[in-house]
Amino acid sequence: MGSILLGASELRALTRSPEKPMVLILLGPPGAGKGTHATPLSLSLDLPHISTGDLFRAQIQSNSSLGQKAKFYIDQGSLVPDDLVLDMLFDRLKAQDCAQGCILDGFPRTLAQAKALDLRLENKSQILALNFHVPDSILIDRIAGRLVCRDCKKSYHKLFDPPATADLCGECGGRLYTRDDDQASIVSKRLEVYREETMPLIDYYAAQNDVLKEVDGQGAKEQVFQDVLNALPSFAKAISSQ
Ligand SMILES: [Zn+2]
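Only a predicted model underlies this, so the values are computations on that prediction, with no experimental measurement involved.

## Side note on unusual backbone geometry
Alright, step 1. For the bond from F107 to P108, the omega torsion is -10°, close enough to zero to count as cis.
Alright, step 2. For P108, the position within the fold is in the loop between β3 (101-105) and α6 (111-121).
Alright, step 3. Residues other than glycine seldom take positive phi values, yet N123 does so here, at roughly 65°.
Alright, step 4. Among the secondary structure elements, N123 is positioned in the loop between α6 and β4 (126-133).
Alright, step 5. Phi is positive for K153, close to 70°, though the residue is something other than glycine.
Alright, step 6. Position of K153 among the secondary structure elements: in the loop between β5 (146-149) and β6 (155-157).

Spelled out as structure tokens, the structure:
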């Protein structure tokens, strides 16, 4: 089957429903490329990209009452409770730029969070979950190959973006190192934790009609992005015929 190429305005038309804004959820293990595609997707669909991590930081920085509550947990080294994350998220969703929907990154991560999100959305939004699928061996190569400069923090990759001189930053001459949580053994552990936490969530979305879309995240960036775009129109047709 050939791929369907769509212009930006056609895409926007296809992903708009007059009744229901779209909540696009990006799912996938660390290294699967969610971060890479979030911004181009946000531009193509004209939907804001909302990262819950950024939301926390903004609320804390503005010292809002939600921010103060979040800071209390973060300072203790605890996870921010789901209800508080949802309070922050729905505070953000009130903004005009979310009227047609949004792209969610980093939330929900667990089944409990997905159910809580559904309750709050009250069936007023259409959820579409994109699951970026990449075999573990490739994820480990991608993550464990990352190198970061100790001084200027510029990142490299042993295979895909190697420095000109081994172990030295091309920008500032600083030493390059592998972050602790990018070590191969730890990456395997992170993937295991991800799977344990997120598989029930993927099953939950898979059991609903036209919610979960699998995306093959193995190929080149442009190919993967095209696959993502191709996953969207059939979804839009499904909601417009409801
Ligand atoms: Zn550097």
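## Re the environment of K158
Alright, step 1. Note that K158 resides in the loop between β6 and β7 (176-177).
Alright, step 2. With a relative accessible area of 48%, K158 lands in the partly exposed category.
Alright, step 3. Here the alpha-carbon distance between K158 and L147, two residues 11 residues apart in the chain, equals 7.0 Å.
Alright, step 4. Apart from residues no more than four positions distant in its own chain, K158 is found in contact with A144, G145, L147 and T178.

Conventions we followed
Each chain has its residues counted from 1, running along the sequence as written. Totals for whole chains, interfaces and linings use every residue, but because this is a predicted model, local features are given only for residues with pLDDT of at least 70 and side-chain atom pairs only at 80 or more, for both listing and counting. As a rule here, side-chain values cover all heavy atoms of the structure and leave hydrogens and water aside. Helix and strand labels come from DSSP, where a helix needs a run of H or I of at least four residues and a strand needs a run of E of at least two; each type is numbered from the N terminus. Exposure categories follow from relative accessible area, calculated using a 1.4 Å probe and restricted to protein chains: below 20% of the type maximum is buried, above 50% is exposed, and the middle band is partly exposed. In this analysis, two residues are considered to be in contact whenever any of their non-hydrogen atoms come within 4.5 Å of each other.

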